[in-house]
Amino acid sequence: LSHNLCTVLNVPHDPVALEEHFRDDDEGPVSNQGYMPYLNKFILEKVQGNFDKVEFNRMCWTLCAKKNLFKSPLLISDEDAFKVWVIFNFLSEDKYPLIIVPEEIEYLLKKLTEAMGAGWQQEQFDHYKIALNTSREGLSAWELIDLIGSGQFSKGMDRQTVSMAINEVFNELILDVLKQGYMLKKGHKRKNWTERWFVLKPNIISYYVSEDLKDKKGDIILDGNCCVEALPDKDGKKCLFLIKCFDKSFEISASDKKKKQEWIQAIQTTVNLLRAGSPPPHKEARQKRKELRQKLLAEQEELERQMKELQTANENKQKELETVRKQLEAAAARAAEEEKKRLQTQVELQDRFSLELEREKMVRQKMEEQVAQKSSELEQYLQRVRELEEMYKQLQEALEDEKQARQDEETVRKLQARLLEEESAKRAELEKWHLQQQQTIQMTEAEKQELENQRMIKEQALQVAMQQLEQLELERKEALEQYEEVKKKLETAANNTKSWKDKVAHHEGLIRLIEPGSKNPHLITNWGPAAFTEAELEQRQKSWKGKKGTSE
């Protein structure tokens, strides 16, 4: 195990150190806890990062797949199961035992569904998520492989389609392949065009003979100084674009305009990320999802803490109300005891008065006065007892009213808090709209002023052009008048020449007259032969250009 780990991680293996470390361990097989100190000290601390992560994952897969992978029939191959296992290690939470939470499961299944060209079944996943949350927090690597291999979320898809989707997601998330495909590349020496399989990664574009990636032909190293731009069609090649690097440029031809735009956008996005020092999009998205889950968890814990505080306060109020109720019950018991004693005293007094009435008939009148006085006091006492009972009932009603008022107050307080939050949000939104409206008004005023300036400039240019047009019209009329005069002269001369030729031909039929002609070629205008020479035309053009420059 140690030798294979060192080989895969490009670390020199030290058998002597291994023997020295486990020399005194005679208690049998080494456990995980016993092997970890040696692994950390002699292997992991020496790792430089220049190793093939896929091969390292494949070795780890070989160690654990046979023991943990279920033998139930799956719709995916062992190679696809390995790729799902590697994707699980990338998307799982940073705590042991490793699990993938429902949010990351949904993200992975959506990516696979999109790669297969199928529609995402949100309702089906919601049912699965509810069933999952009732039993545990997430899935292990082997449960995720079983979920994807069972075809629960890829019904109607064949094995090849599922395998291609897993491979595409694996290339994007694990191998950092942002885009790949066939394109034509122009050579730097022979200037010929050759089809290559291009693979775009966060800082490099590699091109191969074919998509099996066995025969690599070269790399295009990307950095923040690179740029990509579209080129016009030339040399019979279409959909061209150019990648400019520090020391070399590459001309590439895509299969169609859509592919060309996709590659230009993908390369430009990669260069922008390199300039900003940002990680690849899928890694940045994973970090954002993780931060969002941590934020939601913190908010949930804070809400639970507030609920506990409210529950504790409610229990304290209940205890206070219970204490008041017990005090009222004790007061009622004391009042009942006093009433009982009063009745007992009244009976005793009546018995005693009856005996005294029999014995002391002589003092009846005096005793009647005493009895009347006692009866008056008794009525006052009874009135006081009735007032106490009424007061007890009023206290109970007041307690009920107070309890109901507290509940109504709590309801109104929550409603007010919610209304205040909504009012604050609306106020912030209105202020934002107000700022946007002011900015729009300012931009509109600036555009209006600029349009007004352009209109004034165009009106001035129009006036100048109208003046030039009027001048040309006058010159055209003058030229037309000169042409009419010359035309009349030519007609007169032609008539005279014709009559003279007829006379000569009559007398000397064999004689052919040689007519005088112009030494310079005649100019032809839109109205016929010109009444001016070429030199006069050049002089007039210079005059027109001078007038035009003066007006401008």
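Cut-offs applied
Residues numbered from 1 in each chain as written. Predicted model: local features only at pLDDT ≥ 70, side-chain atom pairs only at ≥ 80, totals over all residues. Heavy atoms only, no water. Helix = DSSP H or I, 4+ residues; strand = E, 2+ residues; numbered from the N terminus. Rg over C-alpha atoms; globule rule 2.2 N^0.38 Å. Buried < 20%, exposed > 50% of the residue type's maximum accessible area, 1.4 Å probe, protein only. Contact = heavy atoms within 4.5 Å. Areas by Shrake-Rupley, 256 points an atom, 1.4 Å probe, with all protein chains shown as cover. Lys, Arg positive; Asp, Glu negative; His and termini not counted. Charge placed at Lys NZ, Arg CZ, Asp CG, Glu CD. Expected span 1.5 Å × (residues − 1). 1 Å grid on protein atoms, 1.4 Å probe; cavity = no way out; pocket = protein on both sides within 12 Å on 5 of 7 lines; lining within 4 Å. Points joined across faces, edges and corners; volume = space filled by probe spheres on them. Nonpolar A, V, L, I, M, F, W, Y, C, P; charged D, E, K, R; others polar. Pairing = 2+ DSSP bridges. Axes fitted to C-alpha atoms, helices over the stretch in contact; angles between N-to-C directions. Phe/Tyr/Trp six-rings, centres within 6.5 Å; stacked < 30°, edge-to-face > 60°. Polar contact = N/O pair within 3.5 Å; in protein donor to acceptor, adjacent residues only side chain to side chain. pLDDT = per-residue confidence, 0-100. Domains from an automatic or database assignment. Salt bridge = Lys/Arg side-chain N within 4 Å of Asp/Glu carboxyl O.

Scanning the protein chain for helices and strands turns up 13 helices and nine strands. In summary, the protein chain has a C-alpha radius of gyration of 53 Å against a globular reference of 24 Å for 552 residues, an excess of more than 25%. Taking the principal axes of its C-alpha atoms as reference, the protein chain extends roughly 205 × 95 × 45 Å. Counting all 552 residues of the protein chain, 24% fall into the buried class. The contacts in the protein chain between residues at least 6 apart in sequence include a share of 56% that link residues at least 24 apart. Approximately 40800 Å² of the protein chain is accessible, and the part contributed by carbon and sulfur atoms is 53%. Once the 89 positive and 99 negative side-chain charges of the protein chain are each reduced to a mean point, those two points are 7 Å apart.

Next up on the list: helix α5 (residues 78-91). Along its 14 residues, α5 runs 20 Å from first to last C-alpha, staying within 8% of the 20 Å computed at 1.5 Å per residue. Elements in contact with the buried residues of α5: α4 (53-68), α6 (102-116), α8 (141-149), α9 (159-173) and α11 (281-359).

For the largest pocket, the calculated volume is near 1700 Å³. Lining the largest pocket are 39 residues, with F56, C60, W85, N89 and Y96 sitting closest to its centre. Examining the composition of the lining of the largest pocket, we find that 10 residues originate from one element, α4, more than from any other. Of the residues in the lining of the largest pocket, the class split is 26 nonpolar, seven polar and six charged. When its volume is computed, the second largest pocket comes out at roughly 1000 Å³. Here the lining of the second largest pocket takes seven residues from α9, the largest share from any one element.

With respect to topology, seven strands assemble into an open sheet ordered β4-β3-β2-β1-β7-β6-β5, the strand pairing being antiparallel. Pairing within the sheet leaves two strands with one partner each, and these edge strands are β4 (216-221) and β5 (227-231). The sheet shows a mean angle of 35° between the axes of neighbouring strands, taken without regard to direction. Two strands pair when backbone bridges link them, and β5 and strand β6 (residues 240-244) are joined in this way by five bridges, in the antiparallel orientation. Note that in β6 the partner of E229 across the bridge is L242.

Under the defined criterion, the tally for this structure stands at 12 aromatic pairs. Ring geometry for W61 against W85: centres 5.6 Å apart, planes inclined by 55°, an arrangement best described as tilted. Taken as a pair, W61 in helix α4 and W85 in helix α5 lie far apart in primary sequence, 24 residues in all. The two residues W61 and W85 agree in class, both being buried. A network of ring pairs unites the aromatic residues W61, F82, W85 and W142 as a single cluster.

Following the sequence through the fold, S253 ends up in strand β7 (residues 249-253). A polar atom in the side chain of S253 sits 2.8 Å from the backbone oxygen of K238. Residue contacts for S253: discarding those within four places in its chain leaves M183, L184, W193, K237, K238, C239 and L240.

Moving on, we get to the confidence of the model for the protein chain. Summary statistics for the protein chain give a mean pLDDT of 83 and a share of 92% for residues scoring 70 or more. Considering each helix and strand of the protein chain separately, the mean pLDDT is smallest for strand β8 (residues 524-525), with a value of 65, and largest for strand β3 (residues 204-208), with 91. The low-confidence segment residues 509-515, where pLDDT is below 50, has five contacts with residues more than four positions distant or belonging to other chains.

Taken domain by domain, the protein chain comprises domain 1 (52-175), domain 2 (179-279) and domain 3 (391-433). Here domain 1 and domain 2 have C-alpha centroids that lie 32 Å from each other.

The next thing to look at is the pattern of salt bridges. On inspection of all chains with the given rule, the structure shows 19 salt bridges. Among the salt bridges present, the one from R427 reaches E423, with a minimum N-O distance of 3.1 Å. Here R427 and its partner E423 are both found in helix α12 (residues 364-507), four residues apart, which amounts to about one turn of the helix. Through salt bridges that share partners, K186, K234 and E251 make up one connected network.

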